[in-house]
Amino acid sequence: MMSEDAKSPGPRTRNIIENQLFRRQRSLKLEALQRQRTLQGDDDTDVAEPFDKTQIVIIFTEKAKLRHCQDVEKIIQEFGIQTTLEIVGNTEKYLYLSASLDTLLRLADVAELEKKTTTGSMQKFNNGCISDFLLPGMGKDQILRYCEIPVLIKDVIKPSIKSYIQKGYIEDMFPLHDILYLDRFKWNLKRTRLPIEDIRNYFGSSIGLYFGFIEFYTKALIFPAVFGILQYLFDLNLSIVCSFYVVWTTIFLELWKRKCAGYSYRWGTIEMSSLDKPRSAYQGQLKPDPITGKMTLHYPMRYTYLQMYCISYPVVLVCVVAAGWFALYQFQIEAEVLADFGADSWLLYVPVIVQSILIAIFSWAYEKLATFLTKLENHRTRSQYDRHRVNKLMLFEIVNNFFSQFYIAFVLQDLKQLKYQLMMQLLIFQLLCIAQEIGIPLMAVLRQKYVKFRHREVAPEKLDNISDQPRYEQSFYESGLDAYHSTYEDYLQVCIQFGFVVLFAAVAPFAAIGALVNNVFAVHIDMFKLCNIFKRPFARRAKNIGAWQLAFELLSVMSLLSNCGLLFLQPNVKEFFSHWLPSVPDLSFVIFEHLLLGLKFIIHKVIHERPRWVRIGLLKADFETSQALKQLKKFKTEANKMA
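This structure is a prediction, so every number in the text was calculated from the model and none was measured. (Residues numbered from 1 in each chain as written. Predicted model: local features only at pLDDT ≥ 70, side-chain atom pairs only at ≥ 80, totals over all residues. Heavy atoms only, no water.)

Colleague: Which residues make up the packing of aromatic side chains, and what are the values?
Modeller: According to the stated counting rule, one finds 50 aromatic pairs in the structure shown. Considering the side-chain rings of Phe185 and Phe203, the 5.7 Å spacing of their centres and the 35° angle between planes classify their relative orientation as tilted. Separated by 18 residues along the polypeptide, Phe185 in the loop between helix H6 (179–182) and helix H7 (196–203) and Phe203 in helix H7 bring together distant segments of the chain. Between Phe326 and Phe362, the ring centres sit 5.1 Å apart and the planes meet at 80°, which makes this aromatic pair edge-to-face. Here Phe326, found in helix H11 (residues 301–341), pairs with Phe362, found in helix H12 (residues 349–377); they are 36 residues apart in sequence, far enough to count as distant. On the accessibility criterion, Phe326 (18% relative accessible area) is buried. Stacked on the ring of Phe174, the Lys or Arg Lys535 has its end atom at 5.7 Å from the ring centre. (Phe/Tyr/Trp six-rings, centres within 6.5 Å; stacked < 30°, edge-to-face > 60°. Helix = DSSP H or I, 4+ residues; strand = E, 2+ residues; numbered from the N terminus. Buried < 20%, exposed > 50% of the residue type's maximum accessible area, 1.4 Å probe, protein only. Lys NZ or Arg CZ within 6 Å of the ring centre and 35° of its normal.)

Colleague: I'd love a proper account of the pattern of salt bridges, names of residues and values included.
Modeller: In the structure shown here, the tally under the stated rule is 16 salt bridges. Here Arg471 ties to Glu86 by a salt bridge, and the two come within 3.5 Å at their closest N and O atoms. Of this pair, Arg471 sits in helix H15 (residues 469–478) while Glu86 sits in strand E2 (residues 82–89), placing them 385 residues apart in sequence. When the shortest N-O distance is used, the salt bridge between Lys124 and Glu112 registers 3.5 Å. One end of the pair, Lys124, is in strand E5 (residues 122–124); the other, Glu112, is in the loop between helix H4 (101–111) and strand E4 (114–116), with twelve residues separating them in the sequence. Linked through salt bridges whose partners overlap, the residues forming this network are Lys115, Glu148 and Arg200. (Salt bridge = Lys/Arg side-chain N within 4 Å of Asp/Glu carboxyl O.)

Colleague: Which residues make up the side chain of Thr249, and what are the values?
Modeller: As for its placement among the helices and strands, Thr249 is situated in helix H10 (residues 238–266). On the basis of relative accessibility, which here comes to 0%, the residue Thr249 falls in the buried class. From its side chain, Thr249 meets the backbone oxygen of Val246 in a polar contact 3.3 Å long. Non-local contacts of Thr249, meaning those with residues more than four positions away in its chain, are made with Phe498, Val502, Ser556 and Lys600. (Polar contact = N/O pair within 3.5 Å; in protein donor to acceptor, adjacent residues only side chain to side chain. Contact = heavy atoms within 4.5 Å.)

Colleague: Quick rundown of the nonpolar core? Include the residues and the values.
Modeller: Of all hydrophobic cores here, the largest spans 97 residues; its most connected members are Phe185, Phe203, Phe211, Phe213, Tyr217 and Trp548. With eleven residues, the single largest contributor to this core is H10. Not counting residues within four places of it along the chain, the set of residues in contact with Phe185 comprises Arg191, Pro195, Asp198, Ile199, Tyr202, Phe203, Met527 and Cys531. Of all hydrophobic cores here, the second largest spans 37 residues; its members include Ile58, Leu107, Leu113 and Ile143. (Core = buried A, V, L, I, M, F, W, Y, C linked by side-chain atoms within 4.5 Å.)

Colleague: I'd like a description of the pairing of E2, backed by residues and values.
Modeller: Relative to strand E3 (residues 92–98), E2 is paired through seven bridges, and the arrangement is antiparallel. From the neighbouring strand, Thr84 faces E3, where its bridge partner is Tyr96. Counting the residues that bridge the hairpin from E2 to E3 gives two residues. (Pairing = 2+ DSSP bridges.)

Colleague: For the packing of helix H13 (residues 382–412) against helix H18 (residues 547–567), give the residues involved together with the corresponding values.
Modeller: One way to put it is that H13 packs onto H18 with a least axis distance of 10 Å and a crossing angle of 15°. Comparing the axis directions of H13 and H18 gives the class roughly parallel. The way H13 lies across H18 gives a crossing that is right-handed. On the side of H13, the interface is formed by Arg387, Val390, Asn391, Met394, Ile398, Phe406, Ala409 and Phe410, while H18 contributes Ala547, Trp548, Ala551, Leu554, Leu555, Met558, Ser562, Gly565 and Leu566. Considering only residue class, the contact of H13 with H18 consists of 13 nonpolar, three polar and one charged. (Axes fitted to C-alpha atoms, helices over the stretch in contact; angles between N-to-C directions. Parallel < 35°, antiparallel > 145°, perpendicular 65-115°, else oblique. Left-handed = near helix turned anticlockwise from the far one by under 90°. Nonpolar A, V, L, I, M, F, W, Y, C, P; charged D, E, K, R; others polar.)

Colleague: I'd like a description of the side chain of Ser562, backed by residues and values.
Modeller: By the secondary structure assignment, Ser562 is in helix H18. Judged by relative accessible area, Ser562 falls into the buried class, the value being 1%. In terms of polar contacts, Ser562 uses its side chain to reach the backbone carbonyl oxygen of Leu503, at 2.4 Å. Those residues in contact with Ser562 that sit more than four places away from it in its chain are Phe406, Phe410, Leu503 and Phe504.

Colleague: Would you mind going over the sheet that holds E2 in detail, with residue names and values included?
Modeller: Here we have four strands laid out as an open sheet, ordered E2-E3-E1-E6, and antiparallel in their pairing. Two strands lie at the open edges of the sheet, namely E2 and strand E6 (170–175), each paired on one side alone. Across the sheet, the mean angle separating the axes of adjacent strands is 15° when strand polarity is ignored. The sheet contact formed by strand E1 (residues 56–60) and E6 spans five bridges and is antiparallel. Residue pairing in the sheet places Ile59 in a bridge with Asp172 of E6.

Now the structure itself:
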């Protein structure tokens, strides 16, 4: 064993450029090796195979002794997982995990992954009937996706090593990036569509659905962007504007449901339910499951409801009221500035700018609070946890971002100030998003621009303790990257942007153009960050975008009401209805608003949320399952007669 004090490497690098240099060198080596083996006709190459290579790296803390590392290794080996333990130094202890194809298929059977059968339907994978899942031209090694392999290994070993994580012996556990596969996600100017299937195969269905949604939403923005230009050039009647955005938002959201159903059916997640596997942070007592009979964690729902309605939502209400009060206080400051310095002073811009920046700060702080409250509620599945977390966040975000606009529009009734406030907040919101998406990574790169000259190979004295130098180098560098937690921040930005586009479209015709241009670049920046700035996340299964769908639909209904309200604030509209309905002029607003709600409802009913081919596929799967059960019962009956 080497001297740990003399050969400790110090803190892990968090250097982006150094990481990129290493990845490029490693990629070139792999490509050269692959070409060499192809020319030699070696069919046993494992460069492109996802099996028998390191899938997961476990990093131990300095606190962990050799016996702790070996105990963890023995526990993992009991599940048929292949392990390699490397003790490089006191601060560097790595356990590399991989698995054979047979082991992974066995784990996939236990996990009941949905896979496509030779009949074209989706069924739970059965390792005893592999031939049913081998499509034409398909081998056993193509049944599992890249994203599924690390998750299968993690799910089977994590409960058994949880005590070592809680005691502080294990610092981190993450899947390694596949450097050759990442080349598929490079920015290609010739590509007109995102490689959604490749994204799902590598990152999982949750991230795949996010990129599928952002691509669909960006393309849908073309219509309001063109309409906004026409609205500005021809000064279109606001009733036409209201009608257009009701139709557009409804069709966009309904068509996305169909698109999402197609994705989730192909990816085997469409039948996920609240009875799925509990999330890792779920706490409870082990009891028999009422459906399967297996011992699973259970937690009384009454305690969850007590936490929600007696603690969480009262706290949320206080935060919402505080956000509304702050928005009103800004108008008082503006009035004082106007009185002291006059209408032409540049100081009038200061309150709006400060408010826009504080809105972003309040959103960050409230997100931490909402996460803490939702954790206390102890929801069983990840989808339930995300839904309740997003519900809290959207209540606050709508008030935090849009309360001042509603106050200006319907209390002050100042459309000129509304347009100014809206465009200023949208501009600062987009600038803050750009700063977050581009500025922070760029600053990290610029701050360390000379690091490439300090890039050096692994110290020779370490090589005796390293069995695979490229694997060690990749694990060392990727361990210094930040962890990717979820798509929450990305969805939130898109949702707020959607609110800016539709809520007051009558006075902001160019908001859709700004959103369209922003999204064209933002989606590629998001992909760059996933591939280069963050560790590779464990894939999460999802059948839709969850509570974000409800958030977008809520904003769609709110946009109908707000734009109708702006229409009836117009003096000519008021005079028209006061002339024809002098006794009840406000009744005209209710009639027009209900007509648009009726139109929205009709579109919702006409467009089915699942395509016909998906409905046929689900019915076909149910039919095959029932037929299989009949055959099984018939076989058991005949066997009993023979006995």
